[in-house]
Amino acid sequence: MTTSAIAASGLRKTFGDKIVLDGIDLDVAAGTVFSLLGPNGAGKTTTVNLLTTLMKPDAGTIRVAGHDAATATKAVRAAIGVTGQFAAVDELLTGQENLQLMADLKGLGSGEAKRLLADLLERFELTAAAQKPVATYSGGMRRKLDLAMTLVGNPKIIFLDEPTTGLDPRSRRTMWDITRGLVAEGVTIFLTTQYLEEADRLANQIAVLDQGRLVAQGTPAELKRQIPGSHVRLRFAGGDEFDAAARVLSGATREEEDLVLRIPSDGGAKSVRGLLNQLDDNSIDVEEFSVHTPDLDDVFLALTGRTSTEAAK
Ligand SMILES: Nc1ncnc2c1ncn2[C@@H]1O[C@H](COP(=O)(O)OP(=O)(O)O)[C@@H](O)[C@H]1O
Ligand SMILES: [Mg+2]
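Remember, it's a predicted structure, so these values are computed and weren't measured experimentally.

## Describing the overall build of the chain
Each helix and strand counted, the chain has 12 helices and 14 strands in total. Buried positions account for 35% of the 313 residues belonging to the chain. Counted over contacts in the chain with a minimum sequence separation of 6, partners at least 24 positions apart contribute 68%.

What follows is the structure, given as structure tokens:
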């Protein structure tokens, strides 16, 4: 049996007459990444706020690191680190000063703090910027500093609320690497995201939040079995090419009206090249070509029959 780092049952939360969470059950195994996936307004931050004792649920029970969140709030807070959706860094202070402030709050001795800060700055590639005010940092640097501050307390369970929303691809990758590094050290990560790809890459378990309920839960592989896979779309200029291509390419789905063929594919360079070569060998011209990988919209369409933007309403 694996131990639960986080276990919640029957969580409900309403704001006024709006039901935001309508009975949520979660179980996060220690040392794993659990991803709560949902569009804007789904209730992800509310869930994080409940699990981290920042808010109290209207109903339901929460255990974090073995402690009851309702009665042992302090013990829960001591075990966790929270990096919020919006970076909680002080703009006027330097990166180093922000970290020092955290070390002071945690009561670290000066020698220990010095070593830890140097290590964190190095690990998060912030050494060069350490003496500059945070106001001059990019979004990615702020996120990294925020996470570094969370790590000062050496928490065993870390909540990351949309850590990569709005980040450029390179910073996103850095955050992913950092997350993987933490898990390798035995930390449990509760990650919220709007990106299926992110949940797919990082999470051991994914739960999909829709209108206050979890509409799906499972491993990335289990979840992806329920949604249409990636495919290549080919559009043709005329009916002859369209028909000829449909005969040549196996497994193609026809969208007659648009003269579009959809072919299941991993979207990789090799398979795409193979596909185009097949058409070339048969002298069939393609008008337009695109690779489609499933995103949050596809997940929601498959699971709920609505797109994620409709789902959030
Ligand atoms: N303090 C609050 N008071 C009233 N409504 C809130 C409050 N916090 C969140 N909400 C509402 O609850 C819903 C879920 O919000 P949130 O948990 O922030 O979603 P997410 O993080 O998935 O974008 C939204 O409709 C939001 O407007
Ligand atoms: Mg949020």
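## A closer look at the sheet that holds strand β12 (residues 253-255)
Spatially, 4 strands are ordered β12-β13-β11-β14 in an open sheet, and the strand pairing comes out antiparallel. Strands with a single pairing partner mark the edges of an open sheet, and in this sheet they are β12 and β14 (288-292). Going across the sheet, the axis of each strand differs from the next one's by a mean of 20°, ignoring polarity.

## Some remarks on the site of ligand 1
Around ligand 1, a shell composed of Phe15, Val20, Gly38, Asn40, Gly41, Ala42, Gly43, Lys44, Thr45 and Thr46 is seen. Broken down by element, the residue count for the shell around ligand 1 peaks at 3 residues, all from helix α1 (residues 44-51). Grouping the amino acids of the shell around ligand 1 by side-chain chemistry returns 3 nonpolar, 6 polar and 1 charged.

## Concerning helix α4 (residues 110-123)
Every α-helix winds through 3.6 residues per turn, so residues three or four apart in the chain are directed the same way. With 14 residues, α4 ought to run about 20 Å at 1.5 Å a step, and its terminal C-alpha atoms sit 20 Å apart, in line with that. Those residues of α4 not exposed but buried are Leu117, Leu120 and Leu121. Taken down its axis, α4 places every buried residue within 95° of arc, on the same side. Residues of α4 that are exposed and point over 90 degrees away from its buried face: Gly111, Glu112, Arg115, Asp119 and Glu122. Taken together, the buried residues of α4 touch α3 (95-105) and α5 (139-151). Immediately beyond the C-terminal end of α4, within one or two residues, lies Glu125, with a positive phi of roughly 55°.

## Describing the domain arrangement of the chain
Parsing the chain into structural domains produces domain 1 (4-225) and domain 2 (231-293). Domain 1 and domain 2 are separated by 42 Å when their C-alpha centres are compared.

## A few points about the nonpolar core
With 64 residues, the main nonpolar core has Ile6, Leu51 and Val64 as its most contacted residues. The greatest single-element share of this core, amounting to 6 residues, is contributed by α5. If we ignore the near neighbours within four places in the chain, the residues touching Val64 are Ile6, Leu51, Ala69, Val76, Ala79, Ile80 and Ile157. If you look at the next biggest cluster of nonpolar residues, it comprises 9 residues, including Val232, Phe236, Leu261 and Leu275.

## So, the pairing of strand β11 (residues 231-235)
Note: β11 against strand β13 (residues 260-264), 5 bridges, orientation antiparallel. In the strand pairing of β13, His231 is matched with Pro264. Sheet topology note: the β11/β14 ladder contains 5 bridges and is antiparallel. Looking at the pairing, Leu234 lines up with Phe289 of β14.

## Some remarks on the environment of Thr71
When you line up the elements, Thr71 lands in the loop between β5 (67-68) and α2 (73-79). Spatially, the C-alpha atom of Thr71 lies 33 Å from that of Leu117, the residues being 46 residues apart in sequence.

## Examining unusual backbone geometry
Phi is positive for Thr53, which is not a glycine, with a value near 70°. Within the secondary structure, Thr53 is located in the loop between α1 and β4 (59-64).

## Topic: the packing of α5 against helix α6 (residues 169-184)
Where α5 contacts α6, the two axes come as close as 10 Å, and the packing angle between them is 15°. As far as their axial angle goes, α6 and α5 are roughly parallel. As for the relative orientation of α5 and α6, their crossing is right-handed in sense. Residues Gly140, Arg143, Lys144 and Leu147 of α5 pack against Ser171, Thr174, Met175 and Ile178 of α6. Considering only residue class, the contact of α5 with α6 consists of 3 nonpolar, 3 polar and 2 charged.

## Considerations on the environment of Glu198
Tracing the sequence through the fold places Glu198 in helix α7 (residues 196-202). Looking at Glu198, the number of C-beta atoms within 10 Å reads 22, which means it is buried. Each C-alpha atom of the pair Glu198 and Thr164 lies 8.8 Å from the other, and the pair is 34 residues apart in sequence. Every residue in contact with Glu198, bar those within four places of it in the chain, is listed here: Thr164 and Thr193.

## Some remarks on the sheet that holds strand β1 (residues 4-15)
With respect to topology, 4 strands assemble into an open sheet ordered β2-β1-β4-β5, the strand pairing being antiparallel. Single-partner strands in this sheet number two, and they are β2 (18-29) and β5. As judged from the 9 bridges shared by β1 and β2, these two strands associate in the antiparallel manner. What sits directly across from Leu11, in β2, is Ile24. Along the sheet, α1 makes contact with β1, β2 and β4, crossing β1 at roughly 120°.

Calculation criteria
- Residues numbered from 1 in each chain as written.
- Chains lettered and ligands numbered in written order.
- Predicted model: local features only at pLDDT ≥ 70, side-chain atom pairs only at ≥ 80, totals over all residues.
- Helix = DSSP H or I, 4+ residues; strand = E, 2+ residues; numbered from the N terminus.
- Buried ≥ 20, exposed ≤ 12 C-beta atoms within 10 Å, placed from the backbone.
- Contact = placed C-beta atoms within 7 Å.
- Pairing = 2+ DSSP bridges.
- Axes fitted to C-alpha atoms, helices over the stretch in contact; angles between N-to-C directions.
- Near = placed C-beta within 6 Å.
- Nonpolar A, V, L, I, M, F, W, Y, C, P; charged D, E, K, R; others polar.
- Expected span 1.5 Å × (residues − 1).
- Arc of directions from axis to C-beta.
- Domains from an automatic or database assignment.
- Core = buried A, V, L, I, M, F, W, Y, C linked by C-beta atoms within 7 Å.
- Parallel < 35°, antiparallel > 145°, perpendicular 65-115°, else oblique.
- Left-handed = near helix turned anticlockwise from the far one by under 90°.

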